[in-house]
Amino acid sequence: MPPPQDVVKVAIQYLDQFPLFIEIDQKKPLSAIVQEVCETWKLPDPAQFTLQYGDGNTEFYITEKNRNDVKNGAILKLAVSQERMARELHEKLLSTSMEAKLEAVKSLAKLAADPSFAREFIARDGIAALTQMVDVERYVKLQKMMKACLGELLAFTLTAFLELMDHGIISWDNLTVSFVKKIASYVRAPNLDATLLQRSLAILECMVLNSLNLYSVVSQEITVGQLINHLQVSNQEIQTNAVALLNALLLKAPEETKQLDWMLEMSEEDPGRVLTAPLTELANSPCQKQLRTVILNSVIRGQQIVGTEMAHQLYVLQVLSLNLLEERMMTKMDPQDQAQRDTLFELCRIAFDAEAEAASAPGGTLDRRKGVYSKDYKKLGFTNHVNPALDFMQTPPGMLALDNMIYFAKHHTDPYVRLVLENSCRDDKHECPFGRSSIELTGMLCETLHVGEPPTETGQDFCPMFFTHDRAMEEMFCVCIQLLNKTWKEMRATSEDFGKVMQVVREQIVRALVARPKSLDQFRNKLQSLSYTEILKIRQTERMSQEEGDSHTAPIVELREKLQPEILDLIRKQRLNRLCEGTLFRKISSRRRQDKYWYCRLAQNHKVLHYGDVEEGTGVPSIEALQEKLAIVDVKAVVTGKDCPHLKDKSTQRQNKEMQDLAFSILHDPDEALNFIAPNKYEYCVWTDGLSALLGKEMGSEYTRTDLEMLLSMEIKLQLLDLESIPIPETAPPLPKEPSNFDFAYDYS
């Protein structure tokens, strides 16, 4: 942040006076500056004035605390002081003139955001004056006379009230119940002015968030049915405030009761009766379905672009809805609870018992098979197949895992039976245990979706998928458990690989959620595209991208430069060793087919090339068997492609055009050449690199570049093994100064 300027040039306006251009010395007291301005315009009593900055919608007084925010070129205004303005506006609010009241609240709406003015106005009991303004029944005659401007008056009044209360100078608990009910009545009123409705919703939200007593009043005055009506309008600001109020009521519900009277819709039989239900049962309430449908169709899909604030409120609502699962997530299974044990029996019955009706009858198959259920529990994949209740003792996921399993079995019976029977037919080593997988998967979903954690203040990552189904979490589990089984088969996993499979499944789910699927079908399709093979490709791409980014850091560049000569020397030795082994070459002829061969190899001392004719299939000839010799010191140059003597002839070029990329020649004394056609690209690169190395030149083949990059990358990784997960800085840390003396050194004498 740049330091404050000592002198700033500004323009100062006052009523119809010509603007005054002055330089303000920031070290000079503000009162002295105001006095000089007043003297210039010959205004009496400078103590009644101060400087003000405004952008048209809001106005802020300049004080000693914020004066450094004034920049060069700013346009300021000479205005009456905060004390005088607060006194004048308060007097107008208490007058009987509707015009004076309207003028006062308009000015208040602009000034209320200024903390210095807010303190002065609130100190004069200004909040009480505004709350009296809201109680318009006291002004029946004025209401009849000025009905046209009443809505405007109330809108500005609530705007000023909200801005003043936002400073936290006065507690929300000081507000009266009658005032709260009056604001709530505006929310219930039909065809209300949009600005007035928006401000009323915002005020109710603040009441709920800042006062437990006011929460009780608001929760009795407002029902979710009324909020649903406001969610169906086209005004996104009103929708945002309605969702915000909904979230506030959910967030501040008393822990000891978890009761929300407003959270259930009026029943069809008795529209005037408001039903109540525990917050933990909210996800199953009829009202929740209607609320979810309205939010999905009117808010998420009804708007082309979801605003930033609306995205945050939808994120909060999503988190609060998922947090309804926290109680089940943190509840352990009671081995003595017969209802919970019957749920386990039901899992076995659906999977293995064909006689469903007999199983449910008293004394039927269910009672008869209880003694042999241990074998079925093992097939279901429970870790403790003798007493599977012990598998649900860990929290999280607790009983939520069993809820998901029974939901999958009852609502997606065919996939459930197919999945269980498929794995029960495998040997124990390759079986994907349904019970253990379901428990681990539920815990992973709770962790991924942050179930039980409060919403953050800036979060916006809501997923439309969670607003498309009444039991979105359970449906998500059903999709993911089938994905887990599919990934298990793709990885050909065994029981020892369970942890690795769960890591891959977690990555698949997280990557699918990042795409913010709009429905469960989109989520399912995205997971189908993220197969195990695709995950491996993505990991490889990201790893390469990270390595590429790391390779440009100063320490890595320096390390590469240090290692490169050593790696190049290693490649040079490999090329020369390959030349010592030798290569079989086809003899050059103008005929298209040539079945004669010759062999060339380098002596171990790297001083002589030995070559001669050989028969195909005779193996690698010894150096003594190769009669011809060429001393390296006699080599003038190595040429390639069209520059080779044996490709100069045009007829040869036409007949052997495909051989140009494999041709090279050794020029030697006296003006002779040893001509080669390599059998393949690799041998061509090996020989041209090796000959260049013998002549002391740079090895420039594409294979050398590839080998150099590969070996450098491997060597750098080996060098940095001890630095895994440690970020590499862009620059090396500075060397410390040498000590003033070395008296600490050991004396070995």
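Cut-offs used in this document
Every residue gets a number counted from 1 within its own chain, in the order that chain's sequence is written. For a predicted model such as this one, the threshold for reporting local features is a pLDDT of at least 70, and the threshold for listing and counting side-chain atom pairs is 80 or more; totals across whole chains, interfaces and linings nevertheless cover every residue. Note that water and hydrogens are dropped before the side-chain values are worked out from all heavy atoms of the structure. Numbering of helices and strands runs from the N terminus; a helix is a DSSP stretch of H or I covering at least four residues, while a strand is a stretch of E covering at least two. Partly exposed residues are those whose accessible area sits between 20% and 50% of the maximum for their type, while under 20% is buried and over 50% is exposed, using a 1.4 Å probe and protein chains only. Any pair of residues with heavy atoms lying within 4.5 Å of one another is described as a contacting pair. Note on areas: Shrake-Rupley with a 1.4 Å probe; residue coverage comes only from the protein chains shown. Strand pairing is assigned whenever DSSP detects at least two bridges linking the two strands. Fitted lines through C-alpha atoms give the axes, limited to the stretch in contact for helices. The angle between two N-to-C directions lies from 0 to 180 degrees. Cavity means a closed set of points on a 1 Å grid over the protein atoms alone, one where a 1.4 Å probe fits but cannot get out, pocket means an open set with protein on both sides within 12 Å along at least 5 of 7 lines, and lining means a residue has an atom within 4 Å of a point. Grid points are joined across faces, edges and corners, and a volume is the space filled by probe spheres set on the points. Side-chain classes are defined by residue name, with Ala, Val, Leu, Ile, Met, Phe, Trp, Tyr, Cys and Pro counting as nonpolar, Asp, Glu, Lys and Arg as charged, and the others, Gly among them, as polar. Put simply, two rings from Phe, Tyr or Trp (the six-membered ring, in Trp's case) pair if the centres are within 6.5 Å, and we call them stacked under 30 degrees between planes, edge-to-face over 60, tilted for the rest. An angle below 35 degrees is read as roughly parallel, one above 145 as roughly antiparallel, one from 65 to 115 as roughly perpendicular, and any other as oblique. Two helices that cross are described as forming a left-handed crossing if the nearer one is turned anticlockwise from the farther one by less than a right angle, and a right-handed crossing if clockwise. As used in this structure description, the phrase polar contact means that two N or O atoms lie within 3.5 Å; if the pair is within protein, one of them must be able to donate a hydrogen and the other to accept it, and residues adjacent in sequence are counted only when both atoms belong to side chains. Any carboxyl oxygen of Asp or Glu that lies within 4 Å of a side-chain nitrogen of Lys or Arg is treated as forming a salt bridge with it. You can read pLDDT as the predictor saying how much it trusts each residue, on a scale of 0 to 100.

## Remarks on the overall build of the protein
Okay, step 1: The helix and strand tally for the protein stands at 30 helices and 12 strands.
Okay, step 2: Residues classed as buried in the protein amount to 44% of the 749 residues present.
Okay, step 3: Long-range pairs, those at least 24 residues apart, make up 65% of the contacts in the protein with a sequence separation of at least 6.
Okay, step 4: Carbon together with sulfur atoms contributes 51% to the accessible area of the protein, which is approximately 40,900 Å² in total.

## Observations concerning the sheet that holds strand β6 (residues 583-586)
For sheets, the rule is that strands pair by backbone hydrogen bonds, running either parallel or antiparallel.
Okay, step 1: Strands sit in the order β6-β7-β8-β9 across an open sheet of four strands; the sheet is antiparallel. In the strand order of this sheet, the two ends are held by β6 and β9 (628-631), each with one partner. Neighbour-to-neighbour, the strand axes of the sheet open up by a mean angle of 25°, direction not taken into account.
Okay, step 2: Strand direction decides the pairing type here: strand β8 (residues 608-614) and β9, joined by four bridges, are antiparallel. When the sheet's bridge partners are listed, His610 is paired in β9 with Lys629.
Okay, step 3: Of the strands in this sheet, β6 and β7 (597-602) touch helix α27 (residues 554-581), which is tilted by about 135° from β7.

## Details of helix α11 (residues 224-231)
Okay, step 1: α11 sits mainly inside the fold: seven of its eight residues count as buried.
Okay, step 2: For α11, every residue scored as buried is listed here: Val224, Gly225, Gln226, Leu227, Ile228, His230 and Leu231.

## Regarding the pairing of strand β12 (residues 672-677)
Okay, step 1: Pairing geometry for strand β11 (residues 663-668) and β12, over six bridges, is antiparallel. The residue of β12 that forms the bridge with Ala663 is Ile677.

## Focus: empty space enclosed by the protein
Okay, step 1: The final tally for this structure, using the stated rule, is four cavities of 30 Å³ or more.
Okay, step 2: Estimates place the volume of the largest cavity at around 60 Å³.
Okay, step 3: If you trace the largest cavity, you find it lined by Val8, Ile24, Gln26, Leu30, Ile33, Leu51, Ile62, Arg67, Val70 and Leu76.
Okay, step 4: Tallied by class, the residues present in the lining of the largest cavity amount to eight nonpolar, one polar and one charged.

## Thoughts on the pairing of β11
Okay, step 1: Of all six residues making up β11, five are buried, and the element is well covered by its neighbours.
Okay, step 2: One ladder, built from five bridges, connects strand β10 (residues 635-640) with β11; its direction is antiparallel. Each residue of the ladder has a partner; that of Val638, found in β11, is Ile666.
Okay, step 3: The turn linking β11 back onto β12 is made up of three residues, and Asp671 within it adopts a positive phi angle of 50°.

## Looking at the environment of Ala401
Okay, step 1: With respect to the helices and strands, Ala401 occurs in helix α20 (residues 399-411).
Okay, step 2: Residue class for Ala401 comes out buried when judged on its relative accessible area of 0%.
Okay, step 3: Beyond its immediate chain neighbours, meaning those up to four positions away, Ala401 contacts Phe392, Ser438, Ile439 and Thr442.

## Examining the packing of aromatic side chains
Okay, step 1: Applying the stated criterion to the full structure yields 21 aromatic pairs.
Okay, step 2: Ring plane angle 75° and centroid distance 5.0 Å describe the contact between Phe585 and Phe676, whose orientation is recorded as edge-to-face. A residue pair is termed long-range when its members are at least 10 positions apart, and Phe585 in strand β6 and Phe676 in strand β12 qualify at 91 residues.
Okay, step 3: For Phe585, a relative accessible area of 0% translates into the label buried.
Okay, step 4: In this structure Phe676 comes out as buried when scored by relative accessible area, which is 0%.

## Re the packing of helix α2 (residues 82-93) against helix α4 (residues 115-123)
Okay, step 1: Packing of α2 against α4 brings their axes to within 9 Å, and their N-to-C directions diverge by 50°. As summarised for this structure, α2 and α4 are arranged oblique, according to the angle between their axes. Every pair of crossing elements has a handedness; the one defined by α2 and α4 is right-handed. Packed against α2, whose contacting residues are Gln82, Glu83, Met85, Ala86, Leu89, His90 and Leu93, the element α4 presents Ser116, Phe117, Glu120 and Phe121 at the interface.
Okay, step 2: Tallied by class, the residues present in the contact of α2 with α4 amount to six nonpolar, three polar and two charged.

## Here's the deal with the sheet that holds β10
Okay, step 1: A sheet is described by the order of its strands in space; here three strands give the open sequence β10-β11-β12, paired in antiparallel fashion. The open sheet has two edge strands, β10 and β12, and neither has a second partner. For this sheet the average axis-to-axis angle between neighbouring strands, irrespective of direction, equals 20°.
Okay, step 2: Helix α29 (residues 681-694) contacts β10 and β11 of the sheet and is inclined by roughly 25° relative to β11.

## Digging into the side chain of Thr131
Okay, step 1: Assignment of secondary structure puts Thr131 in helix α5 (residues 126-134).
Okay, step 2: Within the structure, Thr131 has its side chain in polar contact with the backbone oxygen of Ala128 (distance 2.8 Å).
Okay, step 3: For Thr131, the contacting residues outside a window of four places in its chain are Phe161, Leu175 and Phe179.

## Quick notes on helix α10 (residues 212-221)
Okay, step 1: Taken together, the buried positions of α10 are occupied by Leu214, Tyr215, Val217, Val218, Ser219 and Glu221.
Okay, step 2: Against the buried residues of α10 lie α8 (177-188), α9 (194-210), α11 and α12 (236-251).
Okay, step 3: Of the residues flanking the start of α10, the one acting as N-cap is Ser211, its side-chain oxygen 3.4 Å from the backbone nitrogen of Asn213.

## A short note on the pattern of salt bridges
Okay, step 1: Tallied over the entire structure, the rule returns 27 salt bridges.
Okay, step 2: Among the salt bridges present, the one from Glu103 reaches Lys92, with a minimum N-O distance of 3.2 Å. In this pair, Glu103 sits in helix α3 (residues 98-111) while Lys92 sits in helix α2, placing the two residues 11 residues apart along the sequence.
Okay, step 3: Accessibility expressed as a relative area gives 45% for Glu103, which makes it partly exposed.
Okay, step 4: As a salt-bridge pair, Arg471 and Glu474 come within 3.0 Å of each other at their nearest N and O atoms.
Okay, step 5: With relative accessibility at 29%, the residue Arg471 sits in the partly exposed group.
Okay, step 6: Salt bridges here are not isolated pairs; linked through shared partners, they connect Glu507, Arg511, Arg539 and Glu542.

## Some thoughts on unusual backbone geometry
Okay, step 1: Residue Thr395 is joined to Pro396 through a cis peptide bond whose omega torsion reads -15°.
Okay, step 2: One can find Pro396 in the loop between α19 (373-380) and α20.
Okay, step 3: Phi is positive for Asp125, which is not a glycine, with a value near 60°.
Okay, step 4: Of note, Asp125 is situated in the loop between α4 and α5.
Okay, step 5: If you check the backbone angles, Arg492 has positive phi at about 50° while not being a glycine.
Okay, step 6: Arg492 gets classed as exposed once you look at its relative accessible area, which sits at 72%.

## A look at the environment of Ile127
Okay, step 1: Structurally, Ile127 is set in helix α5.
Okay, step 2: Considering only alpha carbons, one finds Ile127 and Asn174, 47 residues apart in sequence, at a separation of 9.9 Å.
Okay, step 3: Those residues within four positions of Ile127 in sequence are excluded, and the remaining contacts are Phe121, Ile122, Phe161, Leu164, Met165, Ile170 and Leu175.

## Focus: the confidence of the model for the protein
Okay, step 1: The predicted model of the protein has a mean per-residue pLDDT of 84, with 85% of residues at 70 or higher.
Okay, step 2: Scored below 50 in pLDDT, residues 354-368 makes 14 contacts in the model with residues more than four places away or belonging to other chains.

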